[in-house]
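# Overview (structure and organization)
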Amino acid sequence: MPEVYNPQLGRKQSYPYEHRQEERDWHWGMVINTNRCINCNTCSFACKSTWTSGKGEEYMWWMNVETEPYGGYPMGWDMRLLDDLGPEETIFEAAEQGEKVKGYVAQKEEWEYPALGDDSVHGEYPEDEVVESDPEKGKYHDIWQFYLPRLCNHCKNPACLAACPRKAIYKRSEDGIVLLDQERCRGYRKCVKACPYHKPMYNPETGVSEKPVGCFPRIEEGNVPRCVSSCIGKTRLHGNINRGPNSGHPNGKKSAAKGRSPVNYLAQSDEKVALPLYPQFGTRPQVFYMPPYHVPPEFLTQMFTPNTDQKRNDWPGSTYEESVKIIQKRVRNPSHHLLGVLQLFGATTRLIETYTVKENKVKGWDRKGNKVVDMPIEEDLEVREGEKWTNQ
Ligand code: F3S
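All values derive from a computational prediction rather than experimental measurement.

## Overview of the domain arrangement of the protein
- Each assigned domain of the protein is listed here: domain 1 (39-214) and domain 2 (220-376).
- For domain 1 versus domain 2, the distance between C-alpha centres works out to 21 Å.
- Contacts between domain 1 and domain 2 engage 46 residues on the former and 38 residues on the latter.
- Interface area for domain 1 against domain 2, summed over the two sides, is near 3500 Å², with a carbon-plus-sulfur share of 63%.

Pasting the structure below:
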């Protein structure tokens, strides 16, 4: 089986699709700040009403929000597979004889409750006190939960693509979006079994499968996906994950900023505040999560890091759990630069290609080099004179 380097794991791994395309200049990527998500599911309904409101699509939630640790759509989608993987084994390396990917087919009843476990908390309510979460002091809530928005990751090693014997799934060269050609599909459902995130879904009415499309018509016009533009909590930022610090001006316009995209900064700069979901699957997912800072780091370590004993030097701290603690602190007490980038979340429906943070200003430019954001990082605070508000 061919080998490819996986920077999320820091090692080579096998990946069975020989026509895999190398890194592109432009690649679809998203960052979600879990600390801002309130589980309103505006994203889920925006996605559903746009893409999956037809016959046979009743259970297709390409975008859904789960309460961790007990939610899951389909039920237990992550643990069922993780329990079957050996240490340091990706789903490609764990594949059985005759298969390309280690997968799991969720049964009908596991798809029936998209909101299962909603708002259920982990832990016992303390009798005498509520612990104030403060990762600086190593204090976390005794009872906790958080919301995890889930969508197709438009992976760089897509399992769905590798598994399809019809080669009906492909990765677009212009933006890395993974699409399913329904004309070629014969309903073999190998993709449904292979995707560890369970986002390709079979339509019994049409006899072929469907998968999320990354809102490609909006991306082509320089707009962010519907789940991003509709998010009332401003939890998301979308853009070119491959645009690194040495990139030139967008569209050659000197008036626009050179350099990296804000999503690249969040996921791949030294701050590394946005992490992939279960990188140990080996698919190189391109949705990155800023972890919740009130949740015990051991839970987040198994969910958002390679979670091995082999610690890497491009991560902070001496263990992955230590890294998570440091990242939680960075998210809770953002640097001035990070604070500026956080202001870009939900600031415009245009896709922000580059940005600058200078003094108290953050600015963003689109792919054509047009300025689309120009705002203060911290607003002036005005203290009103006169009578004080009291509880009396
Ligand atoms: Fe291939 Fe999935 Fe269709 S495996 S044939 S795209 S159902």
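## Some details on empty space enclosed by the protein
- Taken as a whole and assessed by the stated rule, the structure comprises five cavities of 30 Å³ or more.
- Taken as a whole, the largest cavity spans an internal volume of roughly 150 Å³.
- Of all the elements in the fold, those that place two or more residues in the lining of the largest cavity are α1 (42-51) and α6 (226-229).
- Here the residues of the lining of the largest cavity sort into 12 nonpolar, two polar and one charged.
- No fewer than three residues from each of domain 1 (39-214) and domain 2 (220-376) sit in the lining of the largest cavity.

## Re the side chain of Glu66
- Checked against the element boundaries, Glu66 lands in strand β4 (residues 64-68).
- A distance of 2.9 Å separates polar atoms of two side chains, one belonging to Glu66 and the other to Arg150.

## Brief notes about the site of the ligand
- Around the ligand, a shell composed of 14 residues is seen, among which Cys164, Cys185, Arg189, Cys191 and Ser209 lie nearest.
- Looking at the shell around the ligand, its residues break down into eight nonpolar, two polar and four charged.

Thresholds, definitions, all that
- Residues numbered from 1 in each chain as written.
- Predicted model: local features only at pLDDT ≥ 70, side-chain atom pairs only at ≥ 80, totals over all residues.
- Heavy atoms only, no water.
- Domains from an automatic or database assignment.
- Contact = heavy atoms within 4.5 Å.
- Buried area = accessible area lost by both parts, 1.4 Å probe.
- 1 Å grid on protein atoms, 1.4 Å probe; cavity = no way out; pocket = protein on both sides within 12 Å on 5 of 7 lines; lining within 4 Å.
- Points joined across faces, edges and corners; volume = space filled by probe spheres on them.
- Helix = DSSP H or I, 4+ residues; strand = E, 2+ residues; numbered from the N terminus.
- Nonpolar A, V, L, I, M, F, W, Y, C, P; charged D, E, K, R; others polar.
- Polar contact = N/O pair within 3.5 Å; in protein donor to acceptor, adjacent residues only side chain to side chain.
- Near = heavy atom within 4 Å.

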